[in-house]
Amino acid sequence: MTDAATNSIEKRITVGNGPAAREIAVIHRLPIRPNAPTLVWLGGYRSHMTGTKALELDKLAAELGIGALRFDYSGHGASGGAFQDGTISRWLEEALAVLDDSKAESVLLVGSSMGGWVALRLVQELRQRASGPNVLGMVLVAPAPDFTAELVEPHLTAEQRQSLAERGYFQEHSEYSPEPNIFTRALLEDGRNNIVLTGIIETGCPVHILQGMQDPDVPYSHALKLVEFLPADDVVLTLIRDGDHRLSRPQDLEKLKAAAAALIIA
(Lines give C-alpha, C1' and ligand atoms only; values in the text may rest on other atoms or scores of the structure.)
Protein backbone atom coordinates (compact mmCIF):
# COMPACT_ATOMS: atom_id res chain seq x y z
CA MET A 1 0.00 0.00 0.00
CA THR A 2 1.38 3.41 -1.03
CA ASP A 3 0.57 6.54 0.98
CA ALA A 4 0.64 9.36 -1.57
CA ALA A 5 0.83 11.99 1.17
CA THR A 6 4.01 10.57 2.67
CA ASN A 7 5.43 8.83 -0.40
CA SER A 8 5.70 5.66 1.71
CA ILE A 9 4.92 2.05 0.89
CA GLU A 10 3.73 -0.29 3.64
CA LYS A 11 4.27 -3.94 2.84
CA ARG A 12 5.00 -7.35 4.28
CA ILE A 13 7.66 -9.69 2.97
CA THR A 14 8.14 -13.35 3.79
CA VAL A 15 11.53 -14.42 5.08
CA GLY A 16 12.55 -18.04 5.51
CA ASN A 17 10.93 -21.26 4.37
CA GLY A 18 8.67 -23.88 5.87
CA PRO A 19 8.30 -23.68 9.65
CA ALA A 20 10.90 -20.88 9.73
CA ALA A 21 8.85 -18.61 7.43
CA ARG A 22 7.70 -15.34 8.99
CA GLU A 23 6.16 -12.13 7.69
CA ILE A 24 8.17 -8.97 8.21
CA ALA A 25 6.39 -5.61 8.28
CA VAL A 26 8.19 -2.91 6.30
CA ILE A 27 7.67 0.80 5.68
CA HIS A 28 9.66 2.15 2.75
CA ARG A 29 9.75 5.88 2.10
CA LEU A 30 10.69 6.36 -1.53
CA PRO A 31 13.36 8.97 -2.32
CA ILE A 32 12.26 12.14 -4.07
CA ARG A 33 15.66 13.18 -5.37
CA PRO A 34 17.10 11.05 -8.20
CA ASN A 35 19.90 8.70 -7.10
CA ALA A 36 19.32 9.71 -3.48
CA PRO A 37 20.47 7.28 -0.76
CA THR A 38 18.17 5.43 1.62
CA LEU A 39 18.41 5.67 5.40
CA VAL A 40 17.96 2.22 6.95
CA TRP A 41 16.77 2.01 10.55
CA LEU A 42 17.90 -1.03 12.56
CA GLY A 43 16.12 -1.07 15.89
CA GLY A 44 17.15 -2.50 19.20
CA TYR A 45 16.12 -5.52 21.25
CA ARG A 46 12.32 -5.40 21.71
CA SER A 47 12.02 -2.02 20.00
CA HIS A 48 9.88 -1.30 16.95
CA MET A 49 9.84 0.85 13.85
CA THR A 50 7.36 3.37 15.25
CA GLY A 51 9.63 4.43 18.11
CA THR A 52 10.73 8.02 18.63
CA LYS A 53 14.16 7.77 16.98
CA ALA A 54 12.83 5.83 13.98
CA LEU A 55 10.09 8.39 13.34
CA GLU A 56 12.46 11.34 13.72
CA LEU A 57 14.82 9.81 11.17
CA ASP A 58 11.92 9.19 8.80
CA LYS A 59 11.05 12.90 9.06
CA LEU A 60 14.68 13.77 8.37
CA ALA A 61 14.61 11.61 5.24
CA ALA A 62 11.48 13.42 4.06
CA GLU A 63 13.15 16.80 4.62
CA LEU A 64 16.24 15.74 2.68
CA GLY A 65 14.31 14.06 -0.11
CA ILE A 66 16.04 10.73 0.48
CA GLY A 67 14.62 7.27 1.06
CA ALA A 68 13.95 5.69 4.45
CA LEU A 69 13.54 2.03 5.26
CA ARG A 70 12.06 0.81 8.53
CA PHE A 71 10.98 -2.69 9.57
CA ASP A 72 10.22 -4.78 12.62
CA TYR A 73 12.26 -7.87 13.36
CA SER A 74 10.24 -11.06 13.74
CA GLY A 75 8.61 -11.20 17.15
CA HIS A 76 8.68 -7.39 17.30
CA GLY A 77 6.00 -4.79 16.57
CA ALA A 78 3.86 -5.53 13.52
CA SER A 79 5.92 -8.45 12.23
CA GLY A 80 5.03 -12.11 12.58
CA GLY A 81 6.96 -14.82 14.32
CA ALA A 82 7.57 -15.51 17.99
CA PHE A 83 9.99 -13.35 19.93
CA GLN A 84 11.41 -16.42 21.67
CA ASP A 85 12.54 -17.77 18.29
CA GLY A 86 14.66 -14.68 17.70
CA THR A 87 18.43 -14.81 17.35
CA ILE A 88 21.01 -12.43 15.90
CA SER A 89 21.35 -14.68 12.82
CA ARG A 90 17.58 -14.74 12.32
CA TRP A 91 17.20 -10.95 12.67
CA LEU A 92 20.24 -10.41 10.44
CA GLU A 93 18.64 -12.62 7.77
CA GLU A 94 15.56 -10.42 7.93
CA ALA A 95 17.59 -7.21 7.64
CA LEU A 96 19.32 -8.58 4.53
CA ALA A 97 16.00 -9.64 3.01
CA VAL A 98 14.42 -6.23 3.62
CA LEU A 99 17.44 -4.49 2.13
CA ASP A 100 17.42 -6.75 -0.95
CA ASP A 101 13.69 -6.22 -1.42
CA SER A 102 14.10 -2.42 -1.31
CA LYS A 103 16.56 -2.47 -4.23
CA ALA A 104 18.28 0.59 -2.74
CA GLU A 105 21.57 1.40 -4.46
CA SER A 106 23.19 3.29 -1.57
CA VAL A 107 22.30 3.29 2.12
CA LEU A 108 23.12 4.86 5.45
CA LEU A 109 22.76 2.28 8.23
CA VAL A 110 21.50 3.60 11.56
CA GLY A 111 21.59 0.99 14.30
CA SER A 112 20.40 1.44 17.87
CA SER A 113 21.62 -0.78 20.72
CA MET A 114 21.29 -4.35 19.39
CA GLY A 115 20.65 -2.76 16.00
CA GLY A 116 24.24 -1.55 16.11
CA TRP A 117 25.36 -5.18 16.27
CA VAL A 118 23.02 -6.09 13.41
CA ALA A 119 24.39 -3.13 11.41
CA LEU A 120 27.99 -4.29 11.86
CA ARG A 121 27.10 -7.85 10.87
CA LEU A 122 25.05 -6.54 7.95
CA VAL A 123 27.97 -4.59 6.49
CA GLN A 124 30.19 -7.66 6.93
CA GLU A 125 27.69 -9.82 5.04
CA LEU A 126 27.33 -7.27 2.25
CA ARG A 127 31.10 -7.03 1.82
CA GLN A 128 31.39 -10.83 1.77
CA ARG A 129 28.65 -11.11 -0.84
CA ALA A 130 30.24 -8.31 -2.91
CA SER A 131 26.74 -7.38 -3.98
CA GLY A 132 23.93 -5.20 -2.74
CA PRO A 133 23.85 -1.49 -1.96
CA ASN A 134 26.84 0.72 -1.32
CA VAL A 135 27.04 1.60 2.39
CA LEU A 136 27.74 5.34 2.61
CA GLY A 137 28.13 5.39 6.37
CA MET A 138 26.92 4.13 9.72
CA VAL A 139 25.43 5.87 12.74
CA LEU A 140 25.45 3.67 15.83
CA VAL A 141 23.40 4.73 18.87
CA ALA A 142 24.50 3.12 22.14
CA PRO A 143 25.74 0.18 20.06
CA ALA A 144 25.67 -3.23 21.73
CA PRO A 145 27.76 -5.57 19.57
CA ASP A 146 28.32 -8.96 21.18
CA PHE A 147 26.03 -7.96 24.05
CA THR A 148 25.03 -11.55 24.76
CA ALA A 149 28.63 -12.63 25.37
CA GLU A 150 29.98 -9.33 26.70
CA LEU A 151 27.11 -7.86 28.74
CA VAL A 152 24.73 -10.71 29.57
CA GLU A 153 26.54 -14.02 30.05
CA PRO A 154 29.30 -12.76 32.38
CA HIS A 155 26.68 -11.48 34.83
CA LEU A 156 24.28 -14.43 34.91
CA THR A 157 23.15 -15.44 38.38
CA ALA A 158 23.00 -19.04 39.51
CA GLU A 159 19.21 -18.86 39.29
CA GLN A 160 19.34 -17.57 35.71
CA ARG A 161 21.80 -20.27 34.68
CA GLN A 162 19.51 -22.88 36.19
CA SER A 163 16.52 -21.43 34.31
CA LEU A 164 18.48 -21.55 31.05
CA ALA A 165 19.41 -25.19 31.65
CA GLU A 166 15.94 -26.32 32.70
CA ARG A 167 13.58 -24.03 30.73
CA GLY A 168 15.76 -22.80 27.87
CA TYR A 169 15.36 -19.15 28.85
CA PHE A 170 15.34 -16.71 31.74
CA GLN A 171 13.46 -13.51 32.40
CA GLU A 172 14.52 -10.23 33.93
CA HIS A 173 12.78 -6.96 34.75
CA SER A 174 12.69 -4.37 31.97
CA GLU A 175 13.06 -0.65 32.64
CA TYR A 176 11.31 0.12 29.35
CA SER A 177 8.30 -2.20 29.31
CA PRO A 178 5.83 -3.80 31.75
CA GLU A 179 6.76 -7.10 30.13
CA PRO A 180 10.00 -8.74 31.29
CA ASN A 181 13.00 -9.20 29.02
CA ILE A 182 13.40 -12.77 27.83
CA PHE A 183 16.82 -14.21 27.00
CA THR A 184 16.82 -17.66 25.45
CA ARG A 185 19.56 -20.25 25.32
CA ALA A 186 19.32 -20.09 21.50
CA LEU A 187 19.92 -16.33 21.53
CA LEU A 188 23.01 -16.69 23.71
CA GLU A 189 24.44 -19.61 21.74
CA ASP A 190 23.79 -17.94 18.39
CA GLY A 191 25.33 -14.73 19.68
CA ARG A 192 28.67 -16.52 19.95
CA ASN A 193 28.45 -17.28 16.21
CA ASN A 194 28.07 -13.57 15.41
CA ILE A 195 30.85 -12.12 17.54
CA VAL A 196 32.46 -9.05 15.93
CA LEU A 197 34.79 -7.79 18.67
CA THR A 198 37.55 -10.26 17.87
CA GLY A 199 39.53 -8.48 15.16
CA ILE A 200 39.47 -5.56 12.79
CA ILE A 201 35.96 -4.73 11.60
CA GLU A 202 36.18 -3.40 8.06
CA THR A 203 33.06 -1.38 7.31
CA GLY A 204 34.58 0.54 4.40
CA CYS A 205 32.68 3.67 5.41
CA PRO A 206 32.68 6.47 8.00
CA VAL A 207 31.12 5.61 11.37
CA HIS A 208 29.60 7.97 13.94
CA ILE A 209 28.89 6.53 17.39
CA LEU A 210 26.58 8.29 19.87
CA GLN A 211 26.88 7.01 23.43
CA GLY A 212 25.38 8.16 26.72
CA MET A 213 27.73 8.12 29.68
CA GLN A 214 24.82 7.42 32.08
CA ASP A 215 23.69 4.38 30.08
CA PRO A 216 22.77 1.63 32.60
CA ASP A 217 22.48 -1.08 29.92
CA VAL A 218 25.47 -0.54 27.63
CA PRO A 219 28.34 1.16 29.48
CA TYR A 220 30.26 3.75 27.51
CA SER A 221 33.38 1.63 27.95
CA HIS A 222 31.73 -0.75 25.46
CA ALA A 223 31.65 2.03 22.84
CA LEU A 224 35.30 2.79 23.54
CA LYS A 225 36.10 -0.89 23.03
CA LEU A 226 34.24 -0.92 19.72
CA VAL A 227 36.31 2.01 18.45
CA GLU A 228 39.46 -0.07 18.98
CA PHE A 229 38.14 -2.59 16.44
CA LEU A 230 37.50 0.06 13.77
CA PRO A 231 41.06 1.28 13.09
CA ALA A 232 40.62 1.38 9.31
CA ASP A 233 37.56 3.63 9.34
CA ASP A 234 36.90 7.31 9.88
CA VAL A 235 35.25 7.06 13.30
CA VAL A 236 33.66 9.82 15.35
CA LEU A 237 32.63 9.01 18.93
CA THR A 238 30.28 11.44 20.65
CA LEU A 239 29.98 10.85 24.39
CA ILE A 240 26.92 12.48 25.92
CA ARG A 241 27.73 13.08 29.56
CA ASP A 242 24.16 12.97 30.90
CA GLY A 243 22.78 10.64 28.20
CA ASP A 244 20.97 7.41 29.02
CA HIS A 245 20.52 4.30 26.90
CA ARG A 246 17.57 5.48 24.85
CA LEU A 247 19.02 8.86 23.84
CA SER A 248 15.52 10.01 22.90
CA ARG A 249 15.47 13.45 24.52
CA PRO A 250 15.07 16.41 22.14
CA GLN A 251 18.75 17.30 22.44
CA ASP A 252 19.76 13.67 21.80
CA LEU A 253 17.53 13.46 18.73
CA GLU A 254 19.12 16.62 17.33
CA LYS A 255 22.57 15.04 17.68
CA LEU A 256 21.31 11.88 15.99
CA LYS A 257 19.80 13.74 13.06
CA ALA A 258 22.88 15.93 12.67
CA ALA A 259 25.13 12.86 12.57
CA ALA A 260 22.94 11.16 9.96
CA ALA A 261 22.59 14.30 7.83
CA ALA A 262 26.34 14.94 7.85
CA LEU A 263 27.06 11.46 6.45
CA ILE A 264 24.31 11.75 3.85
CA ILE A 265 25.34 15.18 2.63
CA ALA A 266 29.04 14.24 2.66
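These numbers come from a predicted model, not from an experiment.

Caption draft 1: Representation of the overall build of the protein within the structure. Across its full length, the protein holds 8 helices and 11 strands. Taking 266 residues into account, the globule formula puts the C-alpha radius of gyration at 18 Å, and the protein, at 18 Å, falls close to it. The C-alpha extent of the protein, read off along each of the three principal axes, is 55 × 45 × 35 Å. By the burial criterion, 53% of the 266 residues in the protein qualify as buried. Expressed as a percentage of contacts within the protein between residues at least 6 apart in sequence, the contacts between residues at least 24 apart total 73%. Total accessible area computed for the protein in this model is approximately 12,000 Å², and 50% of it derives from carbon and sulfur atoms. Positive and negative charge centroids in the protein, built from 24 and 34 side chains respectively, lie 2 Å apart.

Caption draft 2: Helix α1 (residues 52–64), seen in detail. Between its first and last C-alpha, α1 extends 19 Å over 13 residues, near the 18 Å set by a 1.5 Å rise per residue. Buried within α1 we find Lys 53, Ala 54, Glu 56, Leu 57, Asp 58, Leu 60 and Ala 61. Against β3 (22–29), β4 (38–42), β5 (67–71), β6 (106–112), β7 (134–141) and α8 (250–265) lie the buried residues of α1. One or two residues past the end of α1 sits Gly 65, with phi positive at roughly 75°.

Caption draft 3: How the structure looks around the pairing of strand β10 (residues 207–212). When you tally the buried positions in β10, you get 6 out of 6 residues, the bulk of the element. Side chains of β10 alternate between two faces, with Val 207, Ile 209 and Gln 211 and His 208, Leu 210 and Gly 212 buried alike. The pairing of β7 with β10 spans 4 bridges and is parallel. Looking across to β10, one finds that Leu 140 is bridged to Ile 209.

Caption draft 4: Representation of a nonpolar patch on the surface in the model. A cluster of nonpolar side chains, contributed by Tyr 220, Leu 224 and Leu 239, occupies part of the molecular surface with about 230 Å² of accessible area. When you line up the elements, Leu 239 lands in strand β11 (residues 235–240).

Caption draft 5: Looking closely at the packing of helix α2 (residues 88–102) against helix α3 (residues 114–129). Packing of α2 against α3 leaves a shortest axis separation of 10 Å and a crossing angle of 60°. Here α2 is positioned oblique relative to α3, judged by the angle of their axes. Viewed along their axes, α2 and α3 form a crossing whose handedness is right-handed. Across the interface between the two elements, Ile 88, Trp 91, Leu 92, Ala 95, Leu 96, Leu 99 and Asp 100 of α2 pack against Met 114, Trp 117, Val 118, Arg 121, Leu 122, Glu 125, Leu 126 and Arg 129 of α3. Tallied by class, the residues present in the contact of α2 with α3 amount to 11 nonpolar, no polar and 4 charged.

Caption draft 6: The arrangement of the pattern of salt bridges in detail. One pass over the full model with this rule turns up 16 salt bridges. As a salt-bridge pair, Arg 127 and Glu 202 come within 3.3 Å of each other at their nearest N and O atoms. Of this pair, Arg 127 sits in helix α3 while Glu 202 sits in the loop between α6 (185–192) and β10; the two residues are 75 residues apart in sequence, bridging distant segments of the chain. Residue Arg 127 is classed as partly exposed on the basis of its relative accessible area, which comes to 43%.

Caption draft 7: Region of the structure containing the environment of Asp 85. In this fold, Asp 85 is placed in the loop between β5 and α2. Put simply, Asp 85 and Pro 133 are 48 residues apart on the chain and 28 Å apart in space, counted from C-alpha to C-alpha.

The rules behind the values
Residues numbered from 1 in each chain as written. Predicted model: local features only at pLDDT ≥ 70, side-chain atom pairs only at ≥ 80, totals over all residues. Heavy atoms only, no water. Helix = DSSP H or I, 4+ residues; strand = E, 2+ residues; numbered from the N terminus. Rg over C-alpha atoms; globule rule 2.2 N^0.38 Å. Buried < 20%, exposed > 50% of the residue type's maximum accessible area, 1.4 Å probe, protein only. Contact = heavy atoms within 4.5 Å. Areas by Shrake-Rupley, 256 points an atom, 1.4 Å probe, with all protein chains shown as cover. Lys, Arg positive; Asp, Glu negative; His and termini not counted. Charge placed at Lys NZ, Arg CZ, Asp CG, Glu CD. Expected span 1.5 Å × (residues − 1). Pairing = 2+ DSSP bridges. Patch = residues over 30% accessible without salt bridge, like charges linked within 9 Å, V, L, I, M, F, W, Y side chains within 5 Å. Salt bridge = Lys/Arg side-chain N within 4 Å of Asp/Glu carboxyl O. Axes fitted to C-alpha atoms, helices over the stretch in contact; angles between N-to-C directions. Parallel < 35°, antiparallel > 145°, perpendicular 65-115°, else oblique. Left-handed = near helix turned anticlockwise from the far one by under 90°. Nonpolar A, V, L, I, M, F, W, Y, C, P; charged D, E, K, R; others polar.

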